[in-house]
Amino acid sequence: MTAPPVTSTLPDGRQWISLGMLFGGHSYKVHSGPLTGPAPGEELPPRRDRVAQAEAAEWEMKQAGCNPAEDYPGSPTIRWSVRCVGCDGPRKVSLQSVRRGARCHCGYVPLPR
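A brief report on the enclosed structure follows. (Residues numbered from 1 in each chain as written. Predicted model: local features only at pLDDT ≥ 70, side-chain atom pairs only at ≥ 80, totals over all residues. Heavy atoms only, no water.)

## A closer look at the sheet that holds strand 4 (residues 79–84)
To be explicit about the condition: Paired strands, as defined in this entry, are two strands with at least two bridges between them according to DSSP. Secondary structure elements follow DSSP: runs of H or I of four or more residues count as helices, runs of E of two or more count as strands, with numbering from the N terminus. All axes here are fitted lines through C-alpha atoms, helices being fitted over the stretch that makes contact, and every angle between N-to-C directions spans 0 to 180 degrees. Every residue pair with non-hydrogen atoms within 4.5 Å of one another is taken to be in contact.
Spatially, 3-4-5 is the arrangement adopted by the 3 strands of the open sheet, whose pairing is antiparallel. Bordering the open sheet on either side are strand 3 (66–68) and strand 5 (90–94), each of which pairs with just one other strand. Put simply, the sheet's adjacent strands are angled 50 degrees from each other on average, direction ignored. Strand direction decides the pairing type here: strand 3 and strand 4, joined by 3 bridges, are antiparallel. The residue bridging Asn67 from the neighbouring strand is Arg83, located in strand 4. Running over the sheet, helix 2 (residues 50–63) touches strand 3, strand 4 and strand 5 and is turned about 145 degrees from strand 3.

## Quick look at the environment of Ser97
Put simply, the rule is: Accessibility here uses a 1.4 Å probe with only protein chains present; expressed as a share of the type maximum, an area under 20% marks a residue as buried, one over 50% as exposed, and anything in between as partly exposed.
Structurally, Ser97 is set in helix 3 (residues 95–99). Take Ser97: its relative accessible area is 22%, and that puts it in the partly exposed class. When the C-alpha atoms of Ser97 and Thr77 are compared, they prove to be 7.9 Å apart, with 20 residues separating the residues in sequence.

Structure below.
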């Protein structure tokens, strides 16, 4: 059984009918629930696990031959202080650039594991 179309009266007296509901679509009303998120005033759940994200970023840097000299800045686009495993030189490089293939100028390439 289909729901009746959503109707509304405009300020000038004309009747407005939702074509989406008329053709069996969804209502424009937002209901709070497990699939739509919390109701207004409720606390939002955390978007991602920051500890797991930092551990994964540190692992990626080590696989690329960089030892992090500071904590993960929280975004792959922010430059991060690291030390090259090959020459022990300090560098500031973003995780994004390492993912794109950026390496130290000394030419150190970590062996595949």
